[in-house]
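What the coordinates show
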Amino acid sequence: MSALAAWLFVALAVALVLAVVLVVRAAWVLLRKLGGLSREMNALRDDLDETVGSRLK
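This text gives an overview of the structure that appears in the document. These numbers come from a predicted model, not from an experiment. (Residues numbered from 1 in each chain as written. Predicted model: local features only at pLDDT ≥ 70, side-chain atom pairs only at ≥ 80, totals over all residues. Heavy atoms only, no water.)

Moving on, we get to the overall build of the protein chain. When helices and strands are tallied, the protein chain shows 1 helix and 0 strands. The C-alpha atoms of the protein chain give a radius of gyration of 25 Å, which is well past the 10 Å a tight globule of 57 residues would have. Each principal axis of the C-alpha atoms in the protein chain carries an extent, and together these give about 80 × 10 × 10 Å. Looking at the protein chain as a whole, 0% of its 57 residues are labelled buried. As presented, the protein chain carries roughly 5,400 Å² of accessible surface, and 73% of it is formed by carbon and sulfur atoms. (Helix = DSSP H or I, 4+ residues; strand = E, 2+ residues; numbered from the N terminus. Rg over C-alpha atoms; globule rule 2.2 N^0.38 Å. Buried < 20%, exposed > 50% of the residue type's maximum accessible area, 1.4 Å probe, protein only. Areas by Shrake-Rupley, 256 points an atom, 1.4 Å probe, with all protein chains shown as cover.)

Next comes the structure, spelled out in structure tokens:
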């Protein structure tokens, strides 16, 4: 294997590892944000239930 091919192989391996790290980090951030969004949606639903419930009584 020539030196150029070896360097290209190493560069490709580093790029692949970097891509995997970025995808895992993006998934982690997405899951964190979805957790916050879920809490906010539950709070909004509770407020709506309280508002609608008080008008029906």
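What follows covers a nonpolar patch on the surface. Taken together, the side chains of Leu30, Leu31, Leu34, Leu37, Met41 and Leu44 make up a nonpolar region of the molecular surface, amounting to roughly 600 Å² of accessible area. The residue Leu31 is located in helix H1 (residues 3-56) in this model. What makes Leu31 exposed here is its relative accessible area of 57%. (Patch = residues over 30% accessible without salt bridge, like charges linked within 9 Å, V, L, I, M, F, W, Y side chains within 5 Å. Salt bridge = Lys/Arg side-chain N within 4 Å of Asp/Glu carboxyl O.)

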